[in-house]
Amino acid sequence: MNLSFVNQAPDSPWATYLSQVDRVLPYLGSLARWSETLKRPKRALIVDIPIELDNGTVSHFEGYRVQHNLSRGPGKGGVRFHPDVTLEEVMALSAWMTVKCAAVNLPYGGAKGGVRVEPKSLSLKELEKLTRRYTSEIGLIIGPHSDIPAPDVNTNPQIMAWMMDTYSMNVGATATGVVTGKPIELGGSLGRVKATGRGVFVVGRETARRMNVSIDGARVAVQGFGNVGSSAAELFVGSGAKLVAVQDHSGTVHNPNGLDLAGLLAEVAAHGGIGGFKGGDVIGNEDFWDVETDILIPAALESVITRERARRIKTKMVLEGANGPTTPDGDLILGERGIMVVPDVIANAGGVTVSYFEWVQDFSSFFWSEDEINVRLDKIMVDAFKRIWEIGEQHGIPLRTAAFVVACTRVLQAREKRGLYP
Ligand code: NAD
């Protein structure tokens, strides 16, 4: 039955998620009887966040925290500050967290949070007030044993520090494990910042090996040169790949002989974007999708690989660093054209995996070296990918459906074993 409180427009993130679940049902066997569980969030909280602005006026913002599924453990998922945030988007992102955590076999359910705000319009003091009031309002349902937020778009370690402090003040004890992605000084984990990009690289390398594509000499293009895109690019280039095109909010640069990575990073550090970079040809943003590559990494926004772009893309592999970059139509077209799509729920799961390590380290108050973290991360990603690849081969299905089969089976097995309360 449709949910009454959500706009289920056909191309919306929630509708995309529902269509992904529908593709999995034939492979769930008798567990399919529990599948309705996947199609509705367990709990959704809408909060009002009034703050006094620097000019003395009071402004109200709308915030959300959605716990999609808690069958396998506490909720886990980031907090997004963005003017386009809606309940429906947060629901979809929370559901993808359920699938991602289960696909990698982390002992978590899925959750997500967001505030509809343009954070760039706030002063640092206003941003802190917004974060603290939001945390206090969702304090009803978050906690180290119940739901653990983390950074997402426009949130960062400083915001996690304010969230940790606010929660700790409200419960009267320092609770480092209530959020992950914290600064190292407050119980953050080494390796967390680059973990998502590292996971993208490891899963890309594993896929390439099975496709007989060599990373050494491979042509790679990246959309989004922030945390995920730049860290993944660094590892690909370190393994001999050529970075032939990069796009961010400030423009697109192309060089078939390979762009200079250090120069691009310096440009971003100096000017906040790659737009002024001189080591390549500036091309139109839409032309990015026509560049010939072996590996294409969308690592910026949702829904960028549309039906139309999917018909033009010239690559062997789409490696999804961003969440939800491919529309369902785009996905079908890439599949028909024989282009391998490595889905977000496994490709970008490195971040939540190191968040899990951070949470474990906080509970034991014993911290690991960066080498230990990277070795454990690589093993979890390699093992998870192997399982998904095997299921894909066994049923002759795309990797996204295979990842959903692995994940949804784990979630629904937990649901069935726990039984229904009361
Ligand atoms: P970020 O803010 O560090 O970087 C975002 C990048 O996208 C920037 O380079 C920005 O310039 C670029 N961008 C913004 N608008 C653009 C546009 N219109 N066209 C082209 N590029 C544009 O964010 P991030 O942490 O790297 O996250 C990127 C994606 O990866 C998001 O979808 C996020 O949900 C997903 N993700 C992030 C993590 C993580 O640990 N950071 C984990 C899993 C998934």
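Residues numbered from 1 in each chain as written. Predicted model: local features only at pLDDT ≥ 70, side-chain atom pairs only at ≥ 80, totals over all residues. Heavy atoms only, no water.

Draft legend 1. Geometry of the overall build of the protein chain. A tally of regular secondary structure across the protein chain gives 13 helices and twelve strands. In terms of C-alpha radius of gyration, the protein chain reaches 21 Å, essentially the compact-globule figure of 22 Å for 422 residues. Viewed in the frame of its principal axes, the protein chain has a C-alpha envelope of about 55 × 55 × 45 Å. Classification of the 422 residues of the protein chain by burial places 58% in the buried group. When contacts within the protein chain are restricted to residue pairs at least 6 apart in sequence, long-range pairs at least 24 apart make up 68% of them. Counting only carbon and sulfur atoms, one obtains 53% of the accessible surface of the protein chain, whose full area is about 17,300 Å². (Helix = DSSP H or I, 4+ residues; strand = E, 2+ residues; numbered from the N terminus. Rg over C-alpha atoms; globule rule 2.2 N^0.38 Å. Buried < 20%, exposed > 50% of the residue type's maximum accessible area, 1.4 Å probe, protein only. Contact = heavy atoms within 4.5 Å. Areas by Shrake-Rupley, 256 points an atom, 1.4 Å probe, with all protein chains shown as cover.)

Draft legend 2. Representation of the site of the ligand. Taken together, 20 residues lie around the ligand, and T196, F225, N227, V228 and H249 are the ones closest in. Within the backbone of G226, one N or O atom sits 3.1 Å away from an oxygen atom of the ligand. One of the backbone N or O atoms of V228 is found 2.9 Å from an oxygen atom in the ligand. Where the shell around the ligand is concerned, the elements lending two or more residues are helix 6 (227-238) and strand 7 (242-248). Among the residues forming the shell around the ligand, the class breakdown is six nonpolar, ten polar and four charged. (Near = heavy atom within 4 Å. Polar contact = N/O pair within 3.5 Å; in protein donor to acceptor, adjacent residues only side chain to side chain. Nonpolar A, V, L, I, M, F, W, Y, C, P; charged D, E, K, R; others polar.)

Draft legend 3. Just the domain arrangement of the protein chain, in detail. According to the domain assignment, the protein chain consists of domain 1 (41-176) and domain 2 (195-347). Every contact between the two is made by ten residues of domain 1 and, on the other side, six residues of domain 2. Interface area, domain 1 with domain 2, both sides summed: about 610 Å², of which 56% is carbon and sulfur. Between domain 1 and domain 2 we count one salt bridge in total. R80 is the salt-bridge partner of E302, the closest N and O atoms lying 2.6 Å from each other. At the junction of domain 1 and domain 2, the tally comes to two residue pairs in polar contact (both at pLDDT 80 or more). Here the side of domain 1 that touches domain 2 takes six residues from helix 2 (residues 87-103), the largest share from any one element. Class assignment for the residues of the side of domain 1 that touches domain 2 results in five nonpolar, no polar and five charged. (Domains from an automatic or database assignment. Buried area = accessible area lost by both parts, 1.4 Å probe. Salt bridge = Lys/Arg side-chain N within 4 Å of Asp/Glu carboxyl O.)

Draft legend 4. Focus on the packing of helix 2 against helix 13 (residues 399-418). Contact pair helix 2 / helix 13: the axes reach a minimum separation of 8 Å and the direction vectors enclose 90°. Put simply, helix 2 runs roughly perpendicular to helix 13. Side by side, helix 2 and helix 13 meet where W96, T98, V99, A102 and A103 of the first sit next to A403, F404, V406, A407, R410 and V411 of the second. (Axes fitted to C-alpha atoms, helices over the stretch in contact; angles between N-to-C directions. Parallel < 35°, antiparallel > 145°, perpendicular 65-115°, else oblique.)

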